[in-house]
Amino acid sequence: KRHPHWHRWLGYLYINVVLWLAIPTGMMLATVAKGGWLSTVGFGLAGVMWWRTTWVGYTTIRDGQLAAHIRAMIRSYCWALSAPIFRLIQLALLPLDLSDDANYVWSLWLSNLAAPLLAETCLWRMTFVAKVVRPWMITGQAQNVRVQP
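All figures in this text were calculated on a predicted structure; none of them were measured in a lab.

Participant: Which residues make up the packing of aromatic side chains, and what values do they have?
Facilitator: Here the structure, examined in full by the defined rule, presents 9 aromatic pairs. Measuring from centroid to centroid gives 5.9 Å for F43 and F86, while their planes differ by 80 degrees, and the two rings are edge-to-face. One end of the pair, F43, is in helix α2 (residues 37-62); the other, F86, is in helix α4 (residues 82-93), and 43 residues separate them in sequence. Classification of F43 by relative accessible area gives partly exposed; the value is 23%. Measuring from centroid to centroid gives 5.5 Å for W55 and Y58, while their planes differ by 45 degrees, and the two rings are tilted. With a gap of 3 residues between them, W55 and Y58 both fall in helix α2, about one helical turn apart. Owing to a relative accessible area of 31%, W55 belongs among the partly exposed residues under this scheme.

Set out below in structure tokens:
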């Protein structure tokens, strides 16, 4: 709201880097991923989902659908976070003494579950705060509202 020029410029940069550089490169690297075909499929899935959510974010803002744009971009950012989540899960699984390949595959698939879970949790929380918490803070009375993101 305060800096629409910066938001538009950074959004343009993010969308182009993700759609035309990061994901195509990741998809090529997925074909030779450590961990065999399960890793290839896991990285491929993450790439497709990241590309799709980013593309939806772009097309919805071009169509003037601000709420849909916000939801899609939150999902896109969460897919972008699946890479550091993947590394954190790898570290967390080290005490289980799994083989390197098993740790890699489990970490990858758990990060593929964590990314959409994180996104939907953020979206649910935003909806909950907007529909329940803010009205309660203003009126002091609980609202009987069904929350759906």
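So that's the structure; there's more coming.
Participant: Break down the pattern of salt bridges for me, citing the residues and quoting the values.
Facilitator: Taken as a whole, this structure holds 1 salt bridge when the rule is applied. For the salt bridge of R75 with E120, the shortest nitrogen-to-oxygen distance reads 2.6 Å. Within this pair, whereas R75 is found in helix α3 (residues 66-80), its partner E120 is found in helix α5 (residues 100-139), the two being separated by 45 residues in sequence.

Participant: A description of α2 should follow, citing residues and the corresponding values.
Facilitator: Taking 1.5 Å per residue as the helical rise, α2 with its 26 residues ought to reach 38 Å, and the 37 Å between its terminal C-alpha atoms agrees with that figure. Turning to α2, its buried residues number three or more, namely S39, G42, G44, A46, G47, W50, T53, T54, G57 and T60. Residue G64 follows α2 closely and has a positive phi angle near 80 degrees.

Participant: I'd like to hear about the packing of α3 against α4, residue by residue, with values.
Facilitator: Their axes nearest at 4 Å, the elements α3 and α4 cross at an angle of 40 degrees. In terms of orientation, α3 and α4 fall into the oblique class. Of the residues in α4, those touching α3 at C78, W79 and A80 are S82, A83 and P84. Of the residues assigned to the contact of α3 with α4, the class counts are 5 nonpolar, 1 polar and no charged.

Participant: Tell me about a nonpolar patch on the surface, and please be specific about residues and values.
Facilitator: Together, W6, W9, L10, L13, V17 and L21 make up an exposed nonpolar region whose accessible area comes to about 620 Å². If you trace the backbone, W9 turns up in helix α1 (residues 4-30).

Participant: Can you tell me about the side chain of H69, naming the residues and giving the values?
Facilitator: With respect to the helices and strands, the residue H69 is situated in helix α3. In contact with H69, not counting residues within four places along its chain, are H7, G57, T60 and I61.

Participant: Residues and numbers for the environment of A68, please.
Facilitator: Of note, A68 is situated in helix α3. Separated by 12 residues in sequence, A68 and V56 have C-alpha atoms that sit 8.3 Å apart.

Participant: Tell me about α4, residues and numbers included.
Facilitator: For α4, spanning 12 residues, the distance from its first C-alpha to its last is 16 Å, which sits close to the expected 16 Å at 1.5 Å a residue. Among all positions in α4, only S82, I85, F86, I89, Q90 and L93 are buried. Buried residues in α4, looked at end-on, bunch into an arc of 145 degrees, giving them a common side. Of the exposed residues in α4, those oriented more than 90 degrees away from the buried face are L88 and L91.

Reading guide: rules and limits
- Counting restarts for each chain: residues are numbered from 1 in the order of the written sequence.
- Given that this is a predicted model, residues contribute local features only at a pLDDT of at least 70 and side-chain atom pairs are listed and counted only at 80 or more, while totals for whole chains, interfaces and linings are drawn from all residues.
- Based on all heavy atoms of the structure, the side-chain values leave hydrogens and waters out of the count.
- Within 6.5 Å between ring centres, the rings of Phe, Tyr and Trp (the latter by its six-membered ring) count as paired, and their orientation is classed by plane angle as stacked under 30 degrees, edge-to-face over 60, tilted in between.
- Numbering of helices and strands runs from the N terminus; a helix is a DSSP stretch of H or I covering at least four residues, while a strand is a stretch of E covering at least two.
- With a 1.4 Å probe rolled over the protein chains alone, any residue whose accessible area is under 20% of its type maximum counts as buried; one over 50% counts as exposed, and the rest are partly exposed.
- One side-chain nitrogen of Lys or Arg within 4 Å of one carboxyl oxygen of Asp or Glu is enough to make a salt bridge.
- Take the residue count of a helix, subtract one, and multiply by 1.5 Å to get its expected span.
- In this description, a line fitted to the C-alpha atoms serves as the axis of each element, helices being fitted only across the stretch in contact, and the angle between N-to-C directions of two axes falls anywhere from 0 to 180 degrees.
- Between 65 and 115 degrees an angle is taken as roughly perpendicular, under 35 as roughly parallel, over 145 as roughly antiparallel, and anywhere else as oblique.
- Whether two residues are in contact is decided by their heavy atoms: any pair within 4.5 Å suffices.
- Classification used: nonpolar for Ala, Val, Leu, Ile, Met, Phe, Trp, Tyr, Cys and Pro, charged for Asp, Glu, Lys and Arg, polar for all others including Gly.
- By definition, no residue in a patch forms a salt bridge, and every one has over 30% relative accessible area; like charges are joined within 9 Å, nonpolar side chains (Val, Leu, Ile, Met, Phe, Trp, Tyr) within 5 Å.
- Surface exposure here means Shrake-Rupley accessible area, sampled with a 1.4 Å probe, where a residue is shielded only by the protein chains that are shown.
- Taking the helix axis as origin, the arc is that swept by the directions to the C-beta atoms.

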